[in-house]
Amino acid sequence: MTTQTSAAMGIVDFLRNSWFLIAFIAGMIYWVARQDSSLAELERADHRLTALENRTTILETGIGQLQIKIDTIREDVALIKTAVIQ
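This write-up is about the structure you can find in this document. (Residues numbered from 1 in each chain as written. Predicted model: local features only at pLDDT ≥ 70, side-chain atom pairs only at ≥ 80, totals over all residues. Heavy atoms only, no water.)

### Side note on the overall build of the protein
Helix and strand counts for the protein stand at two helices and zero strands. In terms of overall size, the protein is more extended than a compact globule, its C-alpha atoms giving a radius of gyration of 36 Å where 86 residues would be expected to give roughly 12 Å. Its C-alpha atoms give the protein principal-axis dimensions of about 120 × 20 × 10 Å. Put simply, the protein shows about 8100 Å² of open surface, and 68% of that area lies on carbon and sulfur atoms. (Helix = DSSP H or I, 4+ residues; strand = E, 2+ residues; numbered from the N terminus. Rg over C-alpha atoms; globule rule 2.2 N^0.38 Å. Areas by Shrake-Rupley, 256 points an atom, 1.4 Å probe, with all protein chains shown as cover.)

If you want it as structure tokens, here you go:
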């Protein structure tokens, strides 16, 4: 019984004397886990940004096409005005 008690006390003394090491290791594990989750968030944000860039490109292309159609209509209206005036 005394051997078990002294062994248990030896483990308790070891833990008591090395609490700073245990706290440091726990802090490192926590920091690594936070960095890993940050990388996943960055990847999600990158995907969202790419999707938004694609949508912007599509909208810019559509706006350009509309501008060409509007210019064509203006030219047609100008031609109709000159024909009516003459």
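Read on, since the account is not over.
### Concerning the environment of tryptophan 19
Structurally, tryptophan 19 is set in helix 2 (residues 19-85). Between the C-alpha atoms of tryptophan 19 and lysine 81, which are 62 residues apart in sequence, the distance is 91 Å.

### Some words on the side chain of serine 18
For serine 18, the position within the fold is in the loop between helix 1 (2-17) and helix 2. The exposure class of serine 18 is buried, given its relative accessible area of 10%. Of note is the side chain of serine 18, whose polar atom sits 2.7 Å from the backbone oxygen of phenylalanine 14. (Buried < 20%, exposed > 50% of the residue type's maximum accessible area, 1.4 Å probe, protein only. Polar contact = N/O pair within 3.5 Å; in protein donor to acceptor, adjacent residues only side chain to side chain.)

### A look at the environment of alanine 45
In this fold, alanine 45 is placed in helix 2. For alanine 45, a relative accessible area of 39% puts it in the partly exposed group.

### Things to note about the packing of aromatic side chains
By the definition in use, this model includes one aromatic pair. Here the aromatic rings of tryptophan 19 and phenylalanine 20 are separated by 6.3 Å at their centres, their planes lie at 85°, and the arrangement is edge-to-face. Neither tryptophan 19 nor phenylalanine 20 differs from the other in exposure class; each is exposed. (Phe/Tyr/Trp six-rings, centres within 6.5 Å; stacked < 30°, edge-to-face > 60°.)

### Here's the deal with the pattern of salt bridges
For the structure shown, the criterion picks out two salt bridges. Two residues, arginine 16 and aspartate 13, come together in a salt bridge whose shortest N-O distance is 3.1 Å. Of this pair, arginine 16 and aspartate 13 both sit in helix 1, three residues apart, roughly one helical turn. We classify aspartate 13 as partly exposed; its relative accessible area is 32%. (Salt bridge = Lys/Arg side-chain N within 4 Å of Asp/Glu carboxyl O.)

### Here we look at a nonpolar patch on the surface
Together, Trp19, Phe20, Leu21, Phe24, Ile25, Met28, Ile29, Trp31 and Val32 make up a nonpolar patch on the protein surface, roughly 1000 Å² of accessible area in all. When you line up the elements, isoleucine 29 lands in helix 2. Here isoleucine 29 falls in the exposed class, since its relative accessible area comes to 57%. (Patch = residues over 30% accessible without salt bridge, like charges linked within 9 Å, V, L, I, M, F, W, Y side chains within 5 Å.)

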